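For reference, the chains in residue letters:
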Amino acid sequence: MEIKRIGVVGAGSWGTALAVTLSDKGHQVKVWDLDDALLADMERTRENGKYLPGISFGGNLSVVRELEEALKDIEIAVFSVPAQHFRSALTSAKPFLEEETVVVNVAKGIEQKTLLRLSQVAEEVMPGLKYAVLSGPSHAEEVGLGLPTTISVVSRNDEIAHLVQDVFITNRFRVYRGSDVVGVELGGALKNIIALGAGISDGIGFGDNAKAALMTRGLAEITRLGVALG
């Protein structure tokens, strides 16, 4: 395995879980966040007590206070910020990203003001960016604990997808590779609508039949929309 230098932008639960996974694999990982108080606490305790308590940091994970430091001399930048802040985060990072740096976005969502998928936002901010999406059915706390998880990495460039797959995959974090950026980005965003509907169905006292119908028809609608959008 080739050791990589990786910067993680965003120290929420998911960003932290991925940083721990990557550093435990042997990669050199730097983590930065806008919340300086959070970073100070992470430096002091060597864990993220606010978003991922009980998961200790290994020696390959460092917490840094400046975005420039997080992105200096790295090969892969992992963006783990809320979807509605991805544009501003990437814009702030742009001066520090090298042309060869691979950007891996792990946020799920569609930009509200523009209705753009996040790969489209990335192309607006940095045309020609080496971009991949990492997304799939996963809870951050389970990934942090090393429980078995499967996820997908997709990119229009198979070489980039292959690189990210090799960097992230472990014997407990299975990464599947693909090229359907549109499908993965839409799936990651739209399934939340069905999840909210399922919660509402439970809340008003409907049973498993109604929830199963909602999920099944919801998947059909997501599929139709995905096909229509390419």
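Residues numbered from 1 in each chain as written. Predicted model: local features only at pLDDT ≥ 70, side-chain atom pairs only at ≥ 80, totals over all residues. Heavy atoms only, no water.

Visitor: Account for the pairing of strand 4 (residues 52–56), naming residues and giving values.
Guide: As defined by bridge partners, strand 3 (residues 47–48) adjoins strand 4 across 2 bridges and the pair is classed as antiparallel. Residue Asn48 lies in a different strand from strand 4, and its bridge partner there is Leu52. Here strand 3 folds back onto strand 4, and the loop between the two strands holds 3 residues. (Pairing = 2+ DSSP bridges. Helix = DSSP H or I, 4+ residues; strand = E, 2+ residues; numbered from the N terminus.)

Visitor: Give a detailed account of the sheet that holds strand 1 (residues 5–9), specifying residues and quantitative values.
Guide: The strand order across the open sheet built from 8 strands is 5-2-1-6-7-8-9-10, with neighbouring strands paired in mixed fashion. Each edge of the sheet is formed by a strand with only one pairing partner; in this case those strands are strand 5 (61–63) and strand 10 (173–178). Each adjacent strand pair in this sheet contributes to an overall mean axis angle of 25°, direction not counted. For strand 7 (residues 102–105) and strand 8 (residues 130–135), the ladder comprises 4 bridges, and the chain directions are parallel. Residue pairing for strand 8: Val102 is matched across the bridge by Lys130. (Axes fitted to C-alpha atoms, helices over the stretch in contact; angles between N-to-C directions.)

Visitor: Which residues make up the pairing of strand 1, and what values do they have?
Guide: Within strand 1, 4 of the 5 residues are buried, which leaves the element mostly enclosed by the surrounding structure. As defined by bridge partners, strand 1 adjoins strand 2 (residues 28–32) across 5 bridges and the pair is classed as parallel. Note that in strand 2 the partner of Gly7 across the bridge is Lys30. A crossover links strand 1 with its parallel partner strand 2, the connecting element being helix 1 (residues 13–25), and its sense is right-handed. Across 4 bridges, strand 1 lies against strand 6 (residues 76–79) in parallel orientation. Pairing of Val8 across the sheet is with Val78, part of strand 6. (Buried < 20%, exposed > 50% of the residue type's maximum accessible area, 1.4 Å probe, protein only. Right-handed = clockwise from strand over helix to strand, strands pointing away.)

Visitor: Let's hear about the environment of Ile160: which residues, and what values?
Guide: In this fold, Ile160 is placed in helix 7 (residues 158–168). In the structure, Ile160 is positioned 58 residues away from Val102 in sequence and 7.4 Å away in space, judged by C-alpha atoms. Among residues more than four places away in sequence, those in contact with Ile160 are Val102, Lys130, Tyr131, Ala132 and Ser155. (Contact = heavy atoms within 4.5 Å.)

Visitor: Can you lay out the side chain of Lys30 for me, pointing to particular residues and giving the numbers?
Guide: As for its position among the elements, Lys30 is in strand 2. It turns out Lys30 is buried and unbridged, and the closest side chain with the opposite charge, Asp73, is 6.3 Å from it. Among the polar contacts made by the side chain of Lys30, one reaches the main-chain carbonyl oxygen of Glu69 at a distance of 2.6 Å. Among all residues touching Lys30, those that are not within four sequence positions of it are Ile6, Gly7, Val8, Ser62, Val64, Glu69, Ala70, Lys72 and Ile74. (Lys, Arg positive; Asp, Glu negative; His and termini not counted. Salt bridge = Lys/Arg side-chain N within 4 Å of Asp/Glu carboxyl O. Polar contact = N/O pair within 3.5 Å; in protein donor to acceptor, adjacent residues only side chain to side chain.)

Visitor: Kindly report on the packing of helix 4 (residues 86–93) against helix 5 (residues 118–125), identifying the contributing residues and their values.
Guide: One can describe the packing of helix 4 onto helix 5 by two numbers: an axis separation of 10 Å at closest approach and a directional angle of 35°. By crossing handedness, the relation of helix 4 to helix 5 is classed as right-handed. Across from Phe86, Arg87, Leu90 and Thr91 in helix 4, the residues of helix 5 making contact are Leu118, Val121, Ala122, Glu124 and Val125. Of the residues in the contact of helix 4 with helix 5, the class split is 6 nonpolar, 1 polar and 2 charged. (Left-handed = near helix turned anticlockwise from the far one by under 90°. Nonpolar A, V, L, I, M, F, W, Y, C, P; charged D, E, K, R; others polar.)

Visitor: Kindly report on unusual backbone geometry, identifying the contributing residues and their values.
Guide: The phi angle at Arg46 is positive, at roughly 60°, despite the residue not being glycine. Position of Arg46 among the secondary structure elements: in the loop between helix 2 (36–45) and strand 3. Taking the relative accessible area as the measure of exposure, Arg46 reaches 29% and is therefore partly exposed. Although it is not a glycine, Asp73 adopts a positive phi angle of roughly 60°. Its place among the elements puts Asp73 in the loop between helix 3 (67–71) and strand 6. We classify Asp73 as exposed; its relative accessible area is 53%.

Visitor: Which residues make up the packing of helix 8 (residues 181–203) against helix 9 (residues 208–228), and what values do they have?
Guide: Look at helix 8 against helix 9: their axes get within 10 Å of each other, and the N-to-C directions meet at 160°. Considering their axes alone, helix 8 and helix 9 lie roughly antiparallel with respect to each other. For the crossing formed where helix 8 meets helix 9, the hand is right-handed. Where helix 8 abuts helix 9, its residues Leu186, Leu190, Lys191, Ile194, Gly197, Ala198, Ser201 and Asp202 lie against Ala210, Lys211, Leu214, Met215, Gly218, Ile222, Leu225 and Gly226. (Parallel < 35°, antiparallel > 145°, perpendicular 65-115°, else oblique.)

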